[in-house]
Structure formats: C-alpha cells, structure tokens
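# Analysis of the macromolecular model
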Amino acid sequence: MMSDVGAPSPQPRLAGLATAWPPYELSQAAVAANGAELFATTHGGFERLAPIYRNARIETRHSCVPIEWYLKPHSFAERNDLFLEHAIDLLQRSASAALAAADLRPDQIDTIVAVCSTGIATPSLEARLMQVMGFRPDVRRLPIFGLGCAGGVLGLARAADMARADPASRVLLVVVELCALTFRYQDRSKSNLVATALFGDGAAAAVISCRADTTGPILGASHEHTWPDSLDVMGWEVADDGLKVVFSRDIPTLVEQDFKPIAEAFLTREGLSAADIGGFVCHPGGAKVIDALEACFSQPAGSLQHTRDILRDHGNMSSATVLFVLKATLDARDPGPLLLTSLGPGFTTALMLIRP
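Attention in this report is confined to the structure presented alongside it. In this text, all values refer to a predicted model and were calculated from it rather than measured experimentally.

What follows is about the overall build of the protein chain. For the protein chain, the helix and strand inventory stands at 10 helices and 13 strands. A globule of 356 residues ought to have a C-alpha radius of gyration of about 21 Å, and the protein chain, at 20 Å, matches this closely. In terms of overall dimensions, the protein chain has C-alpha extents of about 75 × 45 × 40 Å along its principal axes. Counting across all 356 residues of the protein chain, residues that qualify as buried make up 56%. Here the contacts in the protein chain between residues at least 6 apart in sequence split such that 80% fall between residues at least 24 apart. Summing over all exposed atoms, the protein chain offers an accessible surface of approximately 15100 Å²; the carbon and sulfur share of this is 53%.

This is the structure in structure tokens:
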C-alpha cells in the first residue's frame, strides 16, 4: 500500500467573496452634529468634539436604522430584535452573492461558519439563515462569538482549517456586525463618544474549498497571538440597556511597539518579509491604527489605500471590515502575496497569507 507521507496538503481556495450593507447611509457630518449635541454637556461643545469626527477620516457609514433612532433610549431586547431581523437579511444577501460568484447552490455547501460579536442569537445565526436559504439539513454549523474585529481573519482561518480537514467539502463563511445598533443613548462615556465616530454596519460571505474543481486565491498560513493581561484593551461590558463598548487609547501604541515583531516572526516562518508582500489587507480599526500599521510595515504614509477607502466609505464594521478590504484588493488585482491583519478582544492579533 502506498503511503501518503510527503504528499502535499490540500490547498483551500477562496471560490467566492461578497459584501453587503444596510440601506441607511449616515454622513459623518450628520453624525457629528447629533453627537456633539448629545455629548456637549459632558465633553464640551461642538467645537471641542468636531475634531473627533473629522480625524476619524470617515465620510459615510451604513446603518440598519435611520439616524433618528439613535436619538432616543432603547432597551437591550429592542436592540437585539432589530439585530436578528437585519443580520439575517444581510447574511442572506452576502451569502447569495458569494455562492453566485462561486457558481454554487446553497445545497452544495457542507459547512457554515458564522462570525458575529454584536448581537445575541440562540438558535445561532447560521441556523436562522438555514430557514431562508436552501441549505441541506445535514450541513455542519460552527457559530463563533466574541472575536470582535479579529473575527474576519480568524473566521477565514477557521473556515480554511475545516476545508483542509475535509478536502471534498465546501465551506461557507458568513460574517455580520451591526455595530451601530450597540450605541447606548444614556451612555456619555468617552468610549461611547468615540464609537459614534467609528462604527457602521455590514456583512460579508466567502466560499472556501480544497476541491480540485475550485478556482480562486489560495488561503495560506495563518497565525494568532493573544497578549497576557490584556482583557481590558477592547471588548464589551453588559449593561442593562445593551453592550457597552470598551476601547483602550493605547491600541495604536500596541500596534507600533508589540505587533511588529509578531508579524515579522510570522512572515519569517513562511520565508517572507514585509518587502515581499504585494498587498497589505488590514482591518482599519481607526485612522491612527492605519497610520501605525503603515509605520509597522515600513510603508509610505497613505499607502494602505484599500484599507483607508473602506474606512472612509463604511467606517469600522468590526469583523466584516477586513473582508471588505480583501474584496477591494482582489477586485483591483493587486499582486500577491497578500497579508491579512486584524486586532480584536483578547487582546488578539490575527494574520493570514493569501496568494491570488
């Protein structure tokens, strides 16, 4: 009997990728005007607060509710009901588009990986998605909650791992975040103020498979690193009226000082350096984080153009955002290899290589 020792491992490929966003477009100018009115008594008047919105380098974001909704208090239950309604709609739209790009039907999917951190769903999101799309009843389900902004890269890595484990299968990754819905009217904290200048809503879906008939970019090695004693850097606290955002002002400093050696070590293990990377596909946590990432990879200021464009047009959509950046990069046919990066609660960084 012949041995499989030395045989190449199957290579997962990205067969289809699609994004979706809700219908309400929020201009940063309108958000700034309302935000300044809400936070004026605790953080100063409009003149003092305007730079927070201007320096975010965001022009528009998308929301599943109109801007007037944010100007009144809402219960956790009300928020979560809206989350379930709109999350499934966005997932259906993005999943249908990704399947169409891969020339597949829902019943040809064997595994669904669902990533989200902005709402509570039990039954989980992929089970609910099965009620509105024609997936087989024996499809395997993997819901992932709590990865925050790192969830796009880590979700893609988990989906690739599952495809490698069953090379004849097809895996659908779905990611949705309704970050704007988490805004809590009564919360006048600095973190909530910053959130009003950053967060938007969006979803993405990807089809991954190792099958011989699959074409598309190759999903390569991935890596993650969680720093000790860093639980307070980013995340949620549960309040009576919803999820309270936790931000540390030290995130750009962490990128500058602690992220670089981790990224360099990962690339070295893969026989690469930053100079070999054709495109950096980075989650845009914020304008200062993008500046820090460009410095980290010794790139000219302003060079992470796709990352900056997505931040400008969609804001920070947590885990979905990096997949928006990846789609823009692939659509532009940027040369590979590509390096995906993101940072999220844990505090964790996630990295992945893709070869177009």
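Bringing empty space enclosed by the protein into the picture now. Evaluation of the coordinates by the stated rule reveals 2 cavities of 30 Å³ or more. The computed volume of the largest cavity comes to approximately 230 Å³. Taken together, 16 residues make up the lining of the largest cavity; nearest its centre are Val31, Arg61, Tyr70, Phe183 and Thr196. Those elements giving two or more residues to the lining of the largest cavity turn out to be α1 (28-43) and α6 (190-198). Here the lining of the largest cavity takes 4 residues from α1, the largest share from any one element. In the lining of the largest cavity, the residues fall into 11 nonpolar, 4 polar and 1 charged.

This part is about unusual backbone geometry. Pro337 follows Gly336 through a cis peptide bond whose omega is -5 degrees. Between Gly346 and the following residue, Phe347, the backbone shows a cis peptide bond with an omega angle of -5 degrees. Structurally, Phe347 is set in the loop between β12 (338-344) and β13 (348-355). Positive phi is not limited to glycine here, since Asp103 has a value of about 60 degrees. Relative accessible area serves as the criterion here: at 68%, Asp103 is assigned to the exposed category. Phi at Arg333 takes a positive value of approximately 55 degrees, unusual for a residue other than glycine. With respect to the helices, strands and loops of the structure, Arg333 is situated in the loop between α10 (321-331) and β12. Assessed through its relative accessible area of 75%, Arg333 is described here as exposed.

Moving on, we get to the layout of surface pockets. Looking at the second largest pocket, its volume works out to about 350 Å³. Forming the boundary of the second largest pocket are 18 residues, of which Ala15, Gly16, Ala101, Ala102 and Thr215 lie nearest the centre. For the lining of the second largest pocket, the secondary-structure elements that each account for two or more residues are β1 (13-20), β7 (201-209) and α10. When residues in the lining of the second largest pocket are grouped by element, the largest group, 4 residues, is from β1. A per-class count over the lining of the second largest pocket returns 9 nonpolar, 5 polar and 4 charged.

Looking now at the packing of aromatic side chains. Tallying each qualifying case throughout the model produces 6 aromatic pairs. An angle of 45 degrees between the planes, with centres 6.0 Å apart, marks the rings of Trp21 and Phe324 as tilted. You can see Trp21 sitting in the loop between β1 and β2 (24-27) and its partner Phe324 sitting in helix α10, a full 303 residues away along the chain. By relative accessible area, which is 35% here, Trp21 ends up partly exposed. Under the relative-accessibility criterion, Phe324 is labelled buried at 4%. Note on Tyr70 and Phe183: the rings are 6.4 Å apart at their centroids and 65 degrees apart in plane angle, and the pair reads as edge-to-face. You can see Tyr70 sitting in the loop between β3 (60-63) and α3 (76-101) and its partner Phe183 sitting in the loop between β6 (170-178) and α6, a full 113 residues away along the chain.

Conventions we followed
- Residues numbered from 1 in each chain as written.
- Predicted model: local features only at pLDDT ≥ 70, side-chain atom pairs only at ≥ 80, totals over all residues.
- Heavy atoms only, no water.
- Helix = DSSP H or I, 4+ residues; strand = E, 2+ residues; numbered from the N terminus.
- Rg over C-alpha atoms; globule rule 2.2 N^0.38 Å.
- Buried < 20%, exposed > 50% of the residue type's maximum accessible area, 1.4 Å probe, protein only.
- Contact = heavy atoms within 4.5 Å.
- Areas by Shrake-Rupley, 256 points an atom, 1.4 Å probe, with all protein chains shown as cover.
- 1 Å grid on protein atoms, 1.4 Å probe; cavity = no way out; pocket = protein on both sides within 12 Å on 5 of 7 lines; lining within 4 Å.
- Points joined across faces, edges and corners; volume = space filled by probe spheres on them.
- Nonpolar A, V, L, I, M, F, W, Y, C, P; charged D, E, K, R; others polar.
- Phe/Tyr/Trp six-rings, centres within 6.5 Å; stacked < 30°, edge-to-face > 60°.

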